[in-house]
Amino acid sequence: MQTNEKKVLLRIQDVKQYFPIKKTHFREKQKYVKANDGITLDIYEGETFGLVGESGCGKSTFGRTILQLYPQTHGEILYQKDGEWVDLKAQDRESMRSLRKELQIVFQDPYSSLNPRMTVGQIIGEGLLSHGMFKRGDGAMKDYIFQIMEDCGLSTYMFGRYPHQFSGGQRQRIGIARSLALRPRFVVCDEAVSALDVSIQSQILNLLRDLKEKDNLTYLFITHDLSVVKYVSDRIGVMYLGNLVEVSETGELFENTMHPYTEALLSAIPTTDVNDRKKERILLEGDIPSPVNPPRGCKFHTRCRYCQEVCTQQEPEWTNVGKGHYVACHFPLGRKEK
Ligand SMILES: Nc1ncnc2c1ncn2[C@@H]1O[C@H](COP(=O)(O)OP(=O)(O)O)[C@@H](O)[C@H]1O
Ligand SMILES: [Mg+2]
């Protein structure tokens, strides 16, 4: 299906998230960590949008900013609800609270995000009560939680147990059950499987896929692991130092890589394919520059093996090169020979 036939669920326009840095001297100029530095993206209903990039490039900040866990410094985030555009930044506390039911997040570390003093039943039930889906003491709530637990692969006898009595994979299922019990439309999965063993990872990924198909969910799937993102995503966005550098459908990104940073990331994926073994592994040289004082021009130029004079001076434009494939590069790579 062509992406232009799909319905836009979230329209993100030139979003910036700058965190002020504590001054060491009162006369010092205020400096900022430019964690997100002008991101424009449509997220379509029903898709899994994978977001990749090295640690510290601003992925979590982006997910949290969409959900208004941090108000954005600049730009707009529009959410399509009942055929109308809702400007998330303009919502007051109360309306944002009710929207939050529809806009959920699953965190990487279920250890720190699950209250150790609450049972699984209480953890899942808490949101149901606070969003008014059930009244306290309603017997139907327990049946509802049992159903969600089963959907998430948790046995119902676990209802009265505490998080520490579970394995990492099971705790992640509890975190997922807690979010999905609210019947959200959009879920940010922030490194949701990164802390798990590979075999458990694939179980959780399959669970997330099944739940998505059942409820027509939309995921923003954040990970630093390209092999995971390739497996789950309809489209992928590659982030570098607070900006998207490339966005495309998953197959197209791998077959027709346009950005030198994407090329380097892809070349680092371990492969079992014999034909692929010969492919060159591109080492990214140098450290990631600071998001406080990012390089001028193309932010990637300090590590780019194709860097030219113009790249050091002029910021490349975000360009649609066809079929919804976007890239920000002065010299995008051509279609590769097979
Ligand atoms: N609440 C915050 N306050 C100040 N700086 C932050 C905050 N959250 C993230 N940062 C900084 O923003 C940058 C992006 O961080 P993050 O979004 O966590 O990246 P990622 O998820 O890609 O690893 C980092 O330099 C990080 O130190
Ligand atoms: Mg993160």
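Residues numbered from 1 in each chain as written. Chains lettered and ligands numbered in written order. Predicted model: local features only at pLDDT ≥ 70, side-chain atom pairs only at ≥ 80, totals over all residues. Heavy atoms only, no water.

Participant: An account of the site of ligand 1 is needed here, citing residue identities and associated values.
Facilitator: Close contacts around ligand 1 come from 13 residues, with G56, G58, K59, S60 and T61 the closest. At 2.6 Å from an oxygen atom of ligand 1 is found a main-chain nitrogen or oxygen belonging to G56. Contacts to ligand 1 include T61, whose side-chain N or O atom sits 2.5 Å from an oxygen atom. In isolation ligand 1 offers 560 Å² of accessible surface; the protein chains occlude 63% of this area. Among the elements of the structure, strand 2 (32–44) and helix 1 (59–66) are those that each provide at least two residues to the shell around ligand 1. (Near = heavy atom within 4 Å. Polar contact = N/O pair within 3.5 Å; in protein donor to acceptor, adjacent residues only side chain to side chain. Areas by Shrake-Rupley, 256 points an atom, 1.4 Å probe, with all protein chains shown as cover. Helix = DSSP H or I, 4+ residues; strand = E, 2+ residues; numbered from the N terminus.)

Participant: Describe the packing of helix 4 (residues 120–130) against helix 5 (residues 139–151), listing the residues and the values that go with them.
Facilitator: Two numbers describe how helix 4 lies on helix 5: the axes approach to 10 Å, and their chain directions differ by 115°. For the element pair helix 4 / helix 5, the angle class is roughly perpendicular. At the point where helix 4 passes helix 5, the crossing takes the right-handed sense. Here helix 4 contributes V120, G121, I124, G125, L128 and L129 to the contact with helix 5, which in turn contributes M141, Y144, I145 and M149. Counted by class, the contact of helix 4 with helix 5 contains eight nonpolar, two polar and no charged residues. (Axes fitted to C-alpha atoms, helices over the stretch in contact; angles between N-to-C directions. Parallel < 35°, antiparallel > 145°, perpendicular 65-115°, else oblique. Left-handed = near helix turned anticlockwise from the far one by under 90°. Contact = heavy atoms within 4.5 Å. Nonpolar A, V, L, I, M, F, W, Y, C, P; charged D, E, K, R; others polar.)

Participant: Lay out the nonpolar core in plain terms, naming residues and giving numbers.
Facilitator: Taken as a class, soluble globular proteins show a tendency for nonpolar side chains to be buried jointly. By size, the foremost hydrophobic cluster in this structure holds 38 residues, and its most contacted members are L128 and I176. Counting only elements with at least two residues in this core, the list comes to helix 4, helix 5, helix 6 (168–180), strand 7 (186–190), helix 7 (198–215), strand 8 (218–222) and helix 8 (226–232). When neighbours within four sequence positions are excluded, L128 is seen to be in contact with M133, F134, M141, Y144, I145, A181 and L182. Membership of the second largest hydrophobic core comes to 28 residues, among which are I43, L51, I105 and L220. (Core = buried A, V, L, I, M, F, W, Y, C linked by side-chain atoms within 4.5 Å. Buried < 20%, exposed > 50% of the residue type's maximum accessible area, 1.4 Å probe, protein only.)

Participant: If you had to explain the sheet that holds strand 3 (residues 48–52) to someone new, which residues and values would you point to?
Facilitator: Ordered by their spatial adjacency, eight strands build an open sheet running 6-7-8-3-9-10-12-11, and the pairing between neighbours is mixed. With partners counted over all chains shown, the strands left at the sheet margins are strand 6 (103–106) and strand 11 (319–320), one partner each. Where strand 6 meets strand 7, four bridges bridge the pair, whose relative direction is parallel. Within strand 7, the position partnered with Q104 by the bridge is V187. (Pairing = 2+ DSSP bridges.)

Participant: Let's hear about helix 7: which residues, and what values?
Facilitator: If you check helix 7, its first and last C-alpha atoms are 26 Å apart, about what 18 residues at 1.5 Å a residue would give, namely 26 Å. The complete set of buried residues in helix 7 reads Q201, I204, L205, L207, L208, L211 and K212. For helix 7, the buried positions fall inside an angular range of 160° around the axis, keeping them on one side. Exposed residues on helix 7 whose side chains face more than 90 degrees from its buried face are E213 and K214. Of the surrounding elements, those touching the buried residues of helix 7 are strand 3, helix 5, helix 6, strand 7, strand 8 and helix 8. (Expected span 1.5 Å × (residues − 1). Arc of directions from axis to C-beta.)

Participant: Go over the pairing of strand 3, please, and point to the residues and values.
Facilitator: Counting buried residues in strand 3 gives five out of five residues, a clear majority hidden from the surface. Taking every second residue as pointing to the same face, both faces of strand 3 are buried, with T48, G50 and V52 on one and F49 and L51 on the other. Across four bridges, the pairing between strand 3 and strand 8 is parallel. Residue L51 lies in a different strand from strand 8, and its bridge partner there is I222. The sheet contact formed by strand 3 and strand 9 (residues 235–240) spans four bridges and is parallel. Across the sheet, the residue bridging to L51 is G237, located in strand 9.

Participant: Residues and numbers for the pairing of strand 7, please.
Facilitator: Across the five residues of strand 7, five count as buried, placing the element largely inside the fold. Of the two faces of strand 7, both are covered, the one formed by F186, V188 and D190 as well as the one formed by V187 and C189. Bridge analysis of strand 7 against strand 8 gives five bridges, and the strand direction is parallel. Residue pairing in the sheet places V188 in a bridge with L220 of strand 8.

Participant: Lay out the side chain of Q68 with the relevant residues and their values.
Facilitator: Turning to its location among the elements, Q68 is positioned in the loop between helix 1 and strand 4 (74–81). Each residue touching Q68, except ones within four places of it in the same chain, is listed here: I77, L88, K89, M96 and R100.

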